[in-house]
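Single-letter residue listing:
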Amino acid sequence: MKTRILSALLVLALLVSLIPGGLQTGDREAELNIIDDNYRNYYEIFVGSFYDSDGDGMGDLNGVTEKLDYVADMGFNGIWLMPVMPSPTYHKYDVTDYEAIDSAYGTMDDFKILVEECHKRKIRLVIDLVMNHSSSRHLWFQEACAYLAGLEEDEKPDAAECPYVEYYHFSEKQESSSYYEVPGSRFWYEGAFWSEMPDLNLESEAVRSEFEKIADYWIGLGVDGFRMDAAMHYEENDTEDNTEILNWYYNYCKSKNPDFYMVSEVWANERTIADYYGSGTPSMFNFDAAGAEGKMMQAVRSGNASSLVRSMVTYQEDFSKKNPEYVDAPFLTNHDMGRVANALMSSEDKLKMAAGLLMMMNGSPFVYYGEEIGMKSAGTKDENKRIPMFWSETDDTGMTDGPQGMDAGIESSLPPLDEQMKDETSLLNYYKRALRLRNENPEIARGTVNLADSLCEGGLAAVTKTYEGSTIGIIYNIGEEEKTVDLSQTELSGMKLQGFLTLNGQEGTLSGNQLDMPERSICIVKSVKN
Ligand code: CA
């Protein structure tokens, strides 16, 4: 009798240890083959709309810390925080102090705890760095304007008297329509985005030393990387100057932390993005593949991934030519774009397909908070793209009020997060499976891509990816019909089935060289080691 109870307990213990959530971080990593390098799965968070830890309706840093287990459990191992530094606006892309935390989000101690808790979970923390412009209320700008207003009619500005006159683009004439008057003076300043966002002069050595100090500060706090806002506007659309600026800053940061990461916003076509890889910095967001009209969503709408996989090869060729160490940064949408649920009419099947395509891309994918549950936006107003994370319909713990100026009544067509957690076939659990596949197969992020030509027809598409001598095949059947694929006579012949992504619990099966693929599915096969 006793023996039977004991063996029942043993079986129970074994079962518990097999539940992925029950594993310790270390075990999970060994099991998932996670490599500690610049290839990560990033989750983009707008802190103010994410999770409110103290009930004032404003999302905060402690709220992010509270939700780190959720982030890690999904399979993310990197976070991009939108700006957290003091600012007069809700979005905080106009900074008044580059070495502090906005009090609406919490304190520097909260930030230190967040860094520590991220690192405990092997999550790298990347913060937004807005180097193109400051707030018009930044002390540098205020002092410069006061000085210029005090000059006599014939007096020239002198940086020895006021160093800050060098910090911005001041001129005695209105150089363009994006120049504004310095009040009470004969001078103008550049504000390409907005009058309250004066453009910094990044050619100035004094400004560069300031930003080197700012890098010291955040790297000293344990920040793992910067997301460089508006990098193609540093010197308005001047690729040569801007890549030099990125190169200087990245090299500086790397001298402080050899593993430091940098991902830049260059909202441009594929050619221009490739040119910015000439900066030698690791990542550029892949705007060519992103957005409602980008390659991934086009593929979802057409039900055919063959054009997307051809682009994967083009990206590899064009980007690696400029920087062999490049890490692509694909994403579906971000805080400046209408949400993917709007672009795909909240079709859960199509949203899953978009997620599947993103998670099979090379590099480090970025997922904007709420995308994993199919949240919606409304129109073109920025506030409406940054609405409160939809944790629950019945429990308002942690729910935020959202940005001032946001329209009321923007409702998800898909259920809230707590309901999707419990549903194995939800979009959220699709994301989780896709992230897991990615974590189990390092070839997906890091492998050299080749087209599997003979399989890119009849609505199918396929590639191979090879990383450190190991090759996988990814086969896409993203249309509405199930298909039987003959892998014999192809690059994928004789491989074994490594995993699959399907809509609602269907299975991909491989017998011999015959691969049966359900509708809208992606299968991964892997070469058998000799
Ligand atoms: Ca709060």
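Residues numbered from 1 in each chain as written. Predicted model: local features only at pLDDT ≥ 70, side-chain atom pairs only at ≥ 80, totals over all residues. Heavy atoms only, no water.

### What about the overall build of the protein chain?
Where we set the bar: Going along the chain from the N terminus, every DSSP run of H or I of four or more residues is numbered as a helix, and every run of E of two or more is numbered as a strand. Restricting the calculation to C-alpha atoms gives the radius of gyration, and the globule rule supplies 2.2 Å times the number of residues raised to the power 0.38. Accessibility here uses a 1.4 Å probe with only protein chains present; expressed as a share of the type maximum, an area under 20% marks a residue as buried, one over 50% as exposed, and anything in between as partly exposed. Between two residues, a contact is recorded if the distance between any of their heavy atoms is within 4.5 Å. Charge counting treats Lys and Arg as positive and Asp and Glu as negative, with His and both chain ends excluded. The atom standing in for a charge is NZ when the residue is Lys, CZ when it is Arg, CG when it is Asp and CD when it is Glu.
Looking only at helices and strands, the protein chain features 17 helices and 18 strands. On C-alpha atoms alone, the protein chain measures out to a radius of gyration of 25 Å, which is about the 24 Å that the 2.2 N^0.38 rule sets for 530 residues. C-alpha extents for the protein chain along the principal axes are approximately 95 × 55 × 45 Å. Within the span of the protein chain, comprising 530 residues, buried residues form 58% of the whole. In the protein chain, the share of contacts with a sequence separation of at least 24, taken over all contacts with a separation of at least 6, comes to 68%. Once the 45 positive and 89 negative side-chain charges of the protein chain are each reduced to a mean point, those two points are 8 Å apart.

### Examining the packing of helix 11 (residues 295–302) against helix 12 (residues 306–322)
Here is the rule we go by: Helix axes are fitted only over the stretch in contact, all axes being lines through C-alpha atoms; the angle between N-to-C directions runs from 0 to 180 degrees. Oblique is the label for any angle not under 35 degrees, not over 145, and not in the 65 to 115 range, which are roughly parallel, roughly antiparallel and roughly perpendicular in turn. For any pair of crossing helices, the crossing counts as left-handed if the nearer helix is rotated counterclockwise from the farther one by less than a right angle, and right-handed if it is rotated clockwise. Polarity classes work like this: nonpolar for Ala, Val, Leu, Ile, Met, Phe, Trp, Tyr, Cys and Pro, charged for Asp, Glu, Lys and Arg, and polar for all others, with Gly in that last group.
Contact geometry for helix 11 and helix 12: axes closest at 9 Å, N-to-C directions at 160°. Classed by the angle they form, the pair helix 11 and helix 12 counts as roughly antiparallel. For the element pair helix 11 and helix 12, the recorded crossing hand is left-handed. Facing helix 11, whose interface residues are K295, M296 and A299, helix 12 presents S307, L308, S311 and Y315. Each residue belonging to the contact of helix 11 with helix 12 can be placed in one class, and the counts come to 4 nonpolar, 2 polar and 1 charged.

### Some points on the pattern of salt bridges
Put simply, the rule reads: By convention in these notes, a salt bridge is any Lys or Arg side-chain nitrogen within 4 Å of a carboxyl oxygen on Asp or Glu.
Overall, the coordinates contain 31 salt bridges when judged by the stated rule. Linking D36 and R124 is a salt bridge whose minimum nitrogen-to-oxygen distance equals 3.1 Å. Pair noted here: D36 is in the loop between helix 2 (25–32) and strand 1 (42–45) and R124 is in strand 3 (residues 124–129), with a separation of 88 residues, a long-range link. Using a relative accessible area of 61% as the deciding quantity, one classes D36 as exposed. We classify R124 as buried; its relative accessible area is 10%. One network of salt bridges, in which partners are shared, links D69, E117, K120 and R121.

### Some details on the packing of aromatic side chains
Using the following cut-off: Stacked, tilted and edge-to-face pairs are distinguished by plane angle, under 30 degrees for stacked and over 60 for edge-to-face with tilted covering the rest, among Phe, Tyr and Trp rings (Trp via its six-membered ring) whose centres lie within 6.5 Å. Lysine NZ or arginine CZ positioned within 6 Å of the ring centre and within 35 degrees of the ring normal marks a charge as sitting over the ring.
One pass over the structure, following the stated rule, counts 37 aromatic pairs. Centre to centre, the rings of Y42 and Y261 are 5.6 Å apart; their planes meet at 10°, and the pair counts as stacked. In this pair, Y42 is assigned in strand 1 and Y261 in strand 8 (residues 261–264), connecting sequence segments 219 residues apart. Accessibility classification places Y42 together with Y261 in one group, the buried group. Judged by centre distance (5.1 Å) and plane angle (75°), the ring pair of F226 and F260 falls under edge-to-face. Residue F226 is located in strand 7 (residues 225–228), and its partner F260 is located in the loop between helix 9 (239–256) and strand 8; the two are separated by 34 residues in the primary sequence. Judged by relative accessible area, which is 0%, F260 ranks as buried. An aromatic cluster of at least three residues, connected via ring pairs, comprises Y98, W140, Y164, Y167, F211, F226, W248, Y249 and F260. Cation over ring: K67 sits above W391, and NZ or CZ is 4.5 Å from the ring centre.

### Some words on the sheet that holds strand 12 (residues 461–467)
How we decide: Strand pairing is assigned whenever DSSP identifies at least 2 bridges connecting the two strands.
With antiparallel pairing, 5 strands are arranged side by side in an open sheet as 11-12-13-18-15. Edge positions in the sheet fall to strand 11 (448–451) and strand 15 (496–501), since each of these pairs with one other strand and no more. Across the sheet, the axes of successive neighbouring strands diverge by a mean angle of 25°, strand direction being ignored. Of the strands in this sheet, strand 11, strand 12 and strand 13 (470–477) touch helix 12, which is tilted by about 135° from strand 11. In this fold helix 14 (residues 348–359) packs onto strand 13, strand 15 and strand 18 (521–526), with an angle of close to 25° to the strand it touches most, strand 18.

### A word on helix 12
The condition is simple: Helix span is expected to be 1.5 Å times the residue number reduced by one.
Taking 1.5 Å per residue as the helical rise, helix 12 with its 17 residues ought to reach 24 Å, and the 25 Å between its terminal C-alpha atoms agrees with that figure. Listing the buried residues of helix 12 in full gives S306, L308, V309, S311, M312, V313, Y315, Q316, D318 and F319. In the core, the buried residues of helix 12 are packed alongside helix 10 (270–276), helix 11, helix 14, strand 11, strand 12 and strand 13.

### What about the coordination of the calcium ion?
Put simply, the rule is: In this listing, donors mean N, O and S atoms no farther than 2.8 Å from the metal, or 3.2 Å for Na, K and Ca; water is missing from the atoms, so a site can look incomplete.
Distances from the calcium ion to its protein donors, D52 (OD), D54 (OD), D56 (OD), M58 (O) and D60 (OD), fall at 2.2 to 2.4 Å. Mapped onto the sequence, the residues coordinating the calcium ion show the spacing D-x1-D-x1-D-x1-M-x1-D. When its relative accessible area of 31% is taken as the criterion, M58 is described as partly exposed.

### Some points on the environment of N201
Note that N201 resides in the loop between strand 6 (188–190) and helix 8 (205–220). N201 sits in the buried class, given a relative accessible area of 15%. Each C-alpha atom of the pair N201 and Y168 lies 4.7 Å from the other, and the pair is 33 residues apart in sequence.

### Let's talk about the confidence of the model for the protein chain
Filter applied, for reference: The predictor attaches a confidence to each residue, called pLDDT, with possible values from 0 through 100.
For the protein chain, per-residue confidence averages 94 on the pLDDT scale, and 94% of positions sit at 70 or higher. Within the model, pLDDT remains below 50 along residues 13–26, and this stretch shows 5 contacts once partners closer than five positions in the same chain are excluded.

### As for the sheet that holds strand 16 (residues 509–511)
The antiparallel open sheet is built from 3 strands, whose spatial order is 14-17-16. Unpaired on one side and paired on the other, strand 14 (483–486) and strand 16 mark the two borders of the sheet. Taken pair by pair, the neighbouring strands of this sheet meet at an average axis angle of 20°, ignoring direction. Relative to strand 17 (residues 514–517), strand 16 runs antiparallel, the two being bridged by 3 bridges. Bridge pairing links S511 to Q514 in strand 17.

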